[in-house]
Amino acid sequence: MKLKSKHLSPDEEAVIVLKAVANKHRLEILRLLSVRPHNVNELAAKLNLPFSTTATNVKKLEDVELISTELVPGRGTQKVNAKNFDRIIVDLFEKETQINDKQFFIDMPIGEYFDCKVQPNCGLVGEKDYIGMQDDPRAFYEPGRKDAQLLFMRHGYVEYRFQNKIPYGTKPKEVEVAAELCSEAPNHKLDWPSDITVWINGKEAGTWTSPSDFGGERGFLTPSWWHTNYTQYGMLKRWRITSEGCFIDGNKITDKLTIKDVELEKHPFISIKIGVKDEAENKGGFNLFGPKFGNYEQGIQLTVET
């Protein structure tokens, strides 16, 4: 969230908002308003608090724009309070492309793919609407694809090319790719496995079997216009290659491919491909989430340590 009426740094804003909700009565007010709007008298009765105490707590929540107050007709005109947000997300760290002298980090928008091979069911979704026609692979070549916040396909892949920031003359020690992913079924289906593979510079870094196309419960970041019955969120997965082999979420899957084999330092870009192989046992497609969809505020994150 961003306080519209105040000129604050992100740290100052976080402190003010967190102070406002660090009170059991104000948390209970937010809970009650999540059910329906209330006036102060109703809130005071349900909280078993004096009107003046309730009004003070309501004012504090109004000051940080967590709730709003409107005048509505009733017995005369009365003030009714309503919540403005379902969730509060506080970023503890800024995203930076250069973490330190021995590590760099890039967060790639999911619509900035270099190449793709797509078969229906498929589509691109922006923050406010679809991009191009749903279930038409040609939509993946729309100029507006750069604004995608969700892409999905029943079969195929997308490939990204990240700028290579490895200093000349140095050897990388490890590379990690992180993305929010799940299977792709019509609408959503919790029992829908899919074997999703990541390739780094054309080398297979490992396959993860997604258990589900998650839906039915809204993702933390998924916009309200997107139907709850559709795919809502994925799981945050991490592929990593070191001198010891390949890992998925810290679990070693092979030692036959190491950081030396992917030859990161030899090209001006680092290729990351995500897809479902033709010979996969579970061809359940995949959904890939951007920072405005799902549960994690990120695109495809690449981290290289030298």
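Reading the values: the criteria
- Residues numbered from 1 in each chain as written.
- Predicted model: local features only at pLDDT ≥ 70, side-chain atom pairs only at ≥ 80, totals over all residues.
- Heavy atoms only, no water.
- Helix = DSSP H or I, 4+ residues; strand = E, 2+ residues; numbered from the N terminus.
- Buried < 20%, exposed > 50% of the residue type's maximum accessible area, 1.4 Å probe, protein only.
- Salt bridge = Lys/Arg side-chain N within 4 Å of Asp/Glu carboxyl O.
- Pairing = 2+ DSSP bridges.
- Core = buried A, V, L, I, M, F, W, Y, C linked by side-chain atoms within 4.5 Å.
- Contact = heavy atoms within 4.5 Å.
- 1 Å grid on protein atoms, 1.4 Å probe; cavity = no way out; pocket = protein on both sides within 12 Å on 5 of 7 lines; lining within 4 Å.
- Points joined across faces, edges and corners; volume = space filled by probe spheres on them.
- Nonpolar A, V, L, I, M, F, W, Y, C, P; charged D, E, K, R; others polar.
- Axes fitted to C-alpha atoms, helices over the stretch in contact; angles between N-to-C directions.
- Parallel < 35°, antiparallel > 145°, perpendicular 65-115°, else oblique.
- Polar contact = N/O pair within 3.5 Å; in protein donor to acceptor, adjacent residues only side chain to side chain.
- Left-handed = near helix turned anticlockwise from the far one by under 90°.
- Phe/Tyr/Trp six-rings, centres within 6.5 Å; stacked < 30°, edge-to-face > 60°.
- Lys NZ or Arg CZ within 6 Å of the ring centre and 35° of its normal.

Engineer: Which residues make up unusual backbone geometry, and what values go with them?
Structural biologist: Backbone torsion omega between Pro120 and Asn121 reads 0°, so that peptide bond is classified as cis. With respect to the helices and strands, the residue Asn121 is situated in strand β5 (residues 115-125). Phi at Glu65 is positive, roughly 65°, even though this residue is not glycine. Here Glu65 lies in the loop between α4 (51-63) and β1 (67-74). Overall, Glu65 belongs to the buried group, its relative accessible area being 17%. Despite not being glycine, Asn201 shows a phi value in the positive range, around 50°. Along the chain, the position of Asn201 falls in the loop between β9 (194-200) and β10 (203-210).

Engineer: So what about the pattern of salt bridges? Which residues, and what values?
Structural biologist: It is possible for side chains of opposite charge to pair when their charged atoms get near one another. The tally for this structure, following the rule as stated, stands at 13 salt bridges. Among the ionic pairs, Lys59 bridges to Asp63, the shortest N-O distance being 2.8 Å. Of this pair, Lys59 and Asp63 both sit in helix α4, 4 residues apart, which is roughly one turn of the helix. With a relative accessible area of 44%, Lys59 lands in the partly exposed category. Between Asp249 and Lys237 there is a salt bridge, and its shortest N-O distance comes to 2.4 Å. In this pair, Asp249 is assigned in the loop between β14 (245-248) and β15 (251-254) and Lys237 in strand β13 (residues 235-242), connecting sequence segments 12 residues apart. Residue classification places Lys237 among the buried residues on the basis of a relative accessible area of 8%.

Engineer: With reference to specific residues and values, describe the pairing of β10.
Structural biologist: Where β9 meets β10, 7 bridges bridge the pair, whose relative direction is antiparallel. Residue pairing in the sheet places Val198 in a bridge with Gly206 of β10. Joining the antiparallel neighbours β9 and β10 is a turn of 2 residues, in which Asn201 adopts a positive phi near 50°.

Engineer: Which residues make up the nonpolar core, and what values do they have?
Structural biologist: Ranked by internal contacts, the top residues of the largest apolar core, which has 45 residues, are Leu151, Val158, Tyr160, Ile200, Phe286 and Leu288. It is strand β7 (residues 150-163) that contributes the most residues to this core, 5 residues altogether.

Engineer: Any details on the environment of Lys83? Residues and values, ideally.
Structural biologist: The residue Lys83 is located in strand β2 (residues 76-83) in this model. Each C-alpha atom, one on Lys83 and one on Leu66, is 6.2 Å from the other, the two residues being 17 residues apart in sequence. Beyond its immediate chain neighbours, meaning those up to four positions away, Lys83 contacts Leu33, Ser34, Leu66 and Ile67.

Engineer: Can you tell me about the layout of surface pockets, naming the residues and giving the values?
Structural biologist: Computed from the structure, the second largest pocket encloses a volume of approximately 170 Å³. Every residue lining the second largest pocket is counted, 14 residues in all, and those nearest its centre are Gln134, Phe152, Glu184, Ala185 and Asn187. Counted by class, the lining of the second largest pocket contains 7 nonpolar, 5 polar and 2 charged residues.

Engineer: Give a detailed account of the packing of helix α2 (residues 24-35) against α4, specifying residues and quantitative values.
Structural biologist: Interaxial distance between α2 and α4 falls to 10 Å at its minimum, and their mutual angle equals 75°. On the basis of their axis angle, the class for α2 and α4 is roughly perpendicular. Two secondary-structure elements touch here, α2 through His25, Arg26, Ile29 and Leu30 and α4 through Thr54, Asn57, Val58, Lys60 and Leu61. Looking at the contact of α2 with α4 residue by residue, the classes come out as 4 nonpolar, 3 polar and 2 charged.

Engineer: Lay out the side chain of Thr222 with the relevant residues and their values.
Structural biologist: Relative to the elements of secondary structure, Thr222 occurs in the loop between β11 (214-215) and β12 (231-233). What makes Thr222 buried here is its relative accessible area of 6%. A distance of 2.8 Å separates a polar atom in the side chain of Thr222 from the backbone oxygen of Gln232. Apart from residues lying up to four places away in sequence, Thr222 is in contact with Gln232, Lys292, Phe293 and Gly294.

Engineer: Hey, could you go over the packing of α2 against helix α3 (residues 40-47) for me, with residue numbers and the actual values?
Structural biologist: The interhelical angle for the contact between α2 and α3, taken along N-to-C directions, is 115°, at an axis separation of 11 Å. As α2 runs across α3, the sense of the crossing is right-handed. Of the residues in α3, those touching α2 at His25, Glu28, Ile29, Leu32 and Leu33 are Leu43, Lys46 and Leu47. Taken together, the residues of the contact of α2 with α3 sort by class into 5 nonpolar, 1 polar and 2 charged.

Engineer: Please give an account of the packing of aromatic side chains that cites residues and values.
Structural biologist: Taken as a whole and judged by the stated rule, the model has 8 aromatic pairs. Ring centres of Tyr113 and Phe140 lie 6.2 Å apart, and the angle between their planes is 40°; this geometry places the pair in the tilted category. Taken together, the residues span a long stretch of sequence, with Tyr113 in the loop between β4 (103-108) and β5 and Phe140 in the loop between β6 (130-131) and β7 at a distance of 27 residues. Exposure remark for Tyr113: the relative accessible area of 3% places this residue in the buried category. The class of Phe140 is buried, set by a relative accessible area of 0%. Geometrically, the ring pair formed by Tyr113 and Tyr160 is edge-to-face, given 6.3 Å between the ring centres and 85° between the ring planes. A residue pair is termed long-range when its members are at least 10 positions apart, and Tyr113 in the loop between β4 and β5 and Tyr160 in strand β7 qualify at 47 residues. Side by side, Tyr113 and Tyr160 carry an identical accessibility label, which is buried. Three or more aromatic residues joined by ring pairs form one cluster here, namely Tyr130, Trp225, Trp226, Tyr230 and Phe293. Taking the ring centre of Tyr113 as reference, the NZ or CZ of Arg145 above it sits at 4.4 Å.

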